[in-house]
Amino acid sequence: MIDISEAAQAYLVELLAKQDSDDIGIRVFVAQPGTPHAETCIAYCRADEAQEGDIPVQFEGFTAWFEKRSEAYLLDAKVDYQEDKMGGQLTIKAPNSRVPNVSEDSPLEDRINYVLYNEINPGLAAHGGVVSLVEVIEGDTAVLQFGGGCVGCAAIDITLKQGVERALIDQIPELAAIKDATDHSVTENAYYR
């Protein structure tokens, strides 16, 4: 899944030793996987903070928990550490983190992001707009945040109901509703006022 070099492992052991806990390790995950905004993250993690489904891997001196949802996006990923004049730098290269890797079995959030970034946002970009997923609530309602020219746009209700909501619900039938979390009272960058 992911290769953590010996230099990176030694650095992580040293870093973790400075924490005030004996059972602290790391958790590796991809935020916004499969989108242009994907970020591969390493965070401190105690055993009781690991998420359900996380995959624990024991390294020399620490445990790493890998988020199950991120597994496909961490394929061929590498973590390395290089010393330099400023001390050193931990680097993460995850070539598959931004690659859409979506199937019918993928988490709802991944499928929503796939539709947003690959089908809806290219059309909104023509008007300087963008939409992103904030969260899924109640298991079947997507909360979206609009940006750019969509903020304060007079046509947002049409865009939301006849464009975004229809496209998402047509392609992801388990979605029941879409909610807009955007404050549209700010109109200075709106495409239509």
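Conventions and cut-offs
- The residue numbers shown here count from 1 along each chain, following its written sequence.
- Local features in a predicted model are, by the rule used here, given only for residues with pLDDT of at least 70; side-chain atom pairs are given and counted only at 80 or more, and totals for whole chains, interfaces and linings are based on all residues.
- Values shown for side chains rest on all heavy atoms present in the structure; no hydrogens or waters enter the calculation.
- Secondary structure counts use DSSP, requiring at least four H or I residues in a row for a helix and at least two E residues in a row for a strand, with both numbered from the N terminus.
- Working rule for contacts: check all heavy atoms of both residues, and any pair within 4.5 Å makes them a contact.
- Surface accessibility in these figures is a Shrake-Rupley result with a 1.4 Å probe; residues are shielded only by whichever protein chains are displayed.
- Positive charges come from Lys and Arg, negative ones from Asp and Glu, while His and the chain ends are left out of the count.
- Lys charges are placed at NZ, Arg charges at CZ, Asp charges at CG and Glu charges at CD.
- The classification of residues rests on relative accessible area computed with a 1.4 Å probe and restricted to protein chains. Under 20% of the type maximum is buried, over 50% is exposed, and intermediate values are partly exposed.
- Only strands that DSSP links by at least two bridges are regarded as paired with each other.
- Helix axes are fitted only over the stretch in contact, all axes being lines through C-alpha atoms; the angle between N-to-C directions runs from 0 to 180 degrees.
- A pocket here means an open set of points on a 1 Å grid, computed over the protein atoms alone, that has protein on both sides within 12 Å along at least five of seven lines. A cavity is instead a set of points where a 1.4 Å probe fits but cannot get out; residues with an atom within 4 Å of a point line either one.
- Grid points are joined across faces, edges and corners, and a volume is the space filled by probe spheres set on the points.

I tried to follow the overall build of the chain on my own but got confused; where do I start?
Within the chain, the regular secondary structure consists of three helices and ten strands. Reading the chain from its N terminus to its C terminus gives the helix and strand order β-α-β-β-β-β-β-β-α-β-β-α-β. If you take every contact in the chain between residues at least 6 apart in sequence, the share linking residues at least 24 apart comes to 55%. Only carbon and sulfur atoms are counted for the fraction: they give 47% of the accessible area of the chain, which is about 11000 Å². Computing the positive centroid from 14 side-chain charges and the negative centroid from 33, the chain places the two 5 Å apart.

What is the right way to read the pairing of strand β2 (residues 24-31) from this model?
Looking along a regular strand, one sees side chains alternate from face to face of the sheet. The element β2 is largely enclosed, with a buried count of six among its eight residues. When β2 meets strand β3 (residues 39-46), the two strands line up antiparallel, connected through eight bridges. By the bridge assignment, Phe-29 is partnered in β3 with Cys-41. The pairing of β2 with strand β5 (residues 62-66) spans three bridges and is classified as parallel. Bridge pairing in β5 places Ile-26 opposite Ala-64.

What is the right way to look at unusual backbone geometry in this model?
Both trends apply: most residues other than glycine have a negative phi, and most peptide bonds are in trans. Here the phi dihedral of Gln-32 falls at roughly 55 degrees; this positive angle occurs in a residue that is not glycine. Counting through the fold element by element, Gln-32 comes out in the loop between β2 and β3. For Asp-76, which is not glycine, the phi torsion reads 70 degrees and is therefore positive.

Got a minute to help me understand the side chain of Arg-111 in this structure?
Looking at the secondary structure, you find Arg-111 in helix α2 (residues 108-125). Taking relative accessible area as the criterion, Arg-111 reaches 14% and is therefore assigned buried. Apart from the residues within four sequence positions on either side, Arg-111 is in contact with Val-102, Ser-103, Glu-104, Ser-106, Ile-172 and Glu-174.

How should the sheet that holds strand β7 (residues 89-93) be read in this particular structure?
In a beta sheet, neighbouring strands are held together by backbone hydrogen bonds and run either parallel or antiparallel to one another. Read across the open sheet, the three strands follow the order β1-β6-β7; overall the sheet is mixed. Both edges of this open sheet fall to β1 (2-4) and β7, since each of them pairs with a single strand only. Strand-to-strand twist across the sheet, computed as the mean angle between neighbouring axes with direction ignored, equals 15 degrees. In this sheet, strand β6 (residues 77-82) lies alongside β1 in parallel orientation, the contact comprising three bridges. Counted as the bridge partner of Ile-4 is Val-79 from β6.

Is there a simple way to explain the layout of surface pockets in this structure?
To locate leftover empty space, one rolls a probe as large as a water molecule over the atoms. The space that makes up the largest pocket amounts to roughly 160 Å³. Lining the largest pocket are 15 residues, and of these Gln-32, Arg-69, Glu-109, Asn-113 and Leu-133 lie nearest its centre. Only β2, α2 and β8 (129-137) provide two or more residues apiece to the lining of the largest pocket. With four residues, β8 is the largest single contributor of residues to the lining of the largest pocket.

Shape is all these values report; function is a separate question.
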